[in-house]
Amino acid sequence: KDELAVAVLERVMHELALRIETVTNTFKDPAQVYAYGVRMVLESATGDKRWKQLLYRAEVIADAIFNCHGPFAIRDIENAVKAKRYKVTDARLTFKLACFAMIGASSAINQGILPLTAIDETVVRLLCMNGVSEAEAIEIASRPCPPLPPENSIKKLKARKRERT
């Protein structure tokens, strides 16, 4: 049963990654791209019942996040490093650590150990892990967050593009 739930969640995660990218493609600051993605993962893990039901399997969920979001997040971290916004020597390791931190924070929020507002502090701490000062991390994390496109909107868009060709 868990394997099926994980497979469904991986599809949901991949779709989320594409929805995040749709929004972040409009950002000018590479440091904001990763921050937005982290926030959206945290909000999904604390607000979506499909995520919540598997949070007790931290290693499985962290690996799924890494596999589904890793290619995007690692690229985003590397882009921010190239733009001299982040100071990271190993983007892959940094994101692997972030995956477990996001699951730990999300689990604590869902259990009532931390308040929902801990998402903001988690984003700040994960930005600091990328070599950003605390003051700058607070500023980046405080920026407005545009809404994500609706679920399944990416699939519908791809289907329309296929119909046109």
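Residues numbered from 1 in each chain as written. Predicted model: local features only at pLDDT ≥ 70, side-chain atom pairs only at ≥ 80, totals over all residues. Heavy atoms only, no water.

Draft legend 1. Looking closely at the packing of helix α2 (residues 30–47) against helix α6 (residues 118–128). Contact geometry of α2 with α6 gives a least axis separation of 10 Å together with a crossing angle of 140°. Judged on the interaxial angle alone, α6 and α2 are oblique. Read as a crossing pair, α2 and α6 show a hand that is right-handed. The segment α2 lies against α6, with A31, Y34, A35, V38, R39, L42, E43 and T46 engaging I119, D120, T122, V123, L126 and L127. Across the contact of α2 with α6, the residue classes break down as nine nonpolar, two polar and three charged. (Axes fitted to C-alpha atoms, helices over the stretch in contact; angles between N-to-C directions. Helix = DSSP H or I, 4+ residues; strand = E, 2+ residues; numbered from the N terminus. Parallel < 35°, antiparallel > 145°, perpendicular 65-115°, else oblique. Left-handed = near helix turned anticlockwise from the far one by under 90°. Contact = heavy atoms within 4.5 Å. Nonpolar A, V, L, I, M, F, W, Y, C, P; charged D, E, K, R; others polar.)

Draft legend 2. Representation of the side chain of R39 within the structure. Along the chain, the position of R39 falls in helix α2. By relative accessible area, which is 7% here, R39 ends up buried. Engagement of the side chain of R39 in a polar contact is seen with the side chain of D120, the distance being 2.7 Å. (Buried < 20%, exposed > 50% of the residue type's maximum accessible area, 1.4 Å probe, protein only. Polar contact = N/O pair within 3.5 Å; in protein donor to acceptor, adjacent residues only side chain to side chain.)

Draft legend 3. Structural context of a nonpolar patch on the surface. Among the surface-exposed residues, L93, L97 and M129 lie close enough to one another that they form a single nonpolar patch of about 260 Å² accessible area. Checked against the element boundaries, M129 lands in the loop between α6 and α7 (134–141). (Patch = residues over 30% accessible without salt bridge, like charges linked within 9 Å, V, L, I, M, F, W, Y side chains within 5 Å. Areas by Shrake-Rupley, 256 points an atom, 1.4 Å probe, with all protein chains shown as cover. Salt bridge = Lys/Arg side-chain N within 4 Å of Asp/Glu carboxyl O.)

Draft legend 4. The arrangement of α6 in detail. Where α6 is concerned, the buried positions are A118, I119, T122, V123, V124, L126 and L127. Where the residues of α6 are buried, they touch α2, α5 (91–110) and α7.

Draft legend 5. Fine view of α7. Among all positions in α7, only A137, I140 and A141 are buried. Taken around the axis of α7, the buried residues stretch over an arc of 95°, which confines them to a single face. (Arc of directions from axis to C-beta.)

Draft legend 6. Region of interest: the nonpolar core. Membership of the largest hydrophobic core comes to 53 residues, with the highest contact counts inside it found for Y34, W51, I65, Y86, F95, M102 and L127. No other element matches the 11 residues that helix α4 (residues 58–82) contributes to this core. Setting aside residues no more than four positions away along its own chain, Y34 makes contact with A73, D76, I77, Y86, F95, A98, L126, L127 and N130. (Core = buried A, V, L, I, M, F, W, Y, C linked by side-chain atoms within 4.5 Å.)

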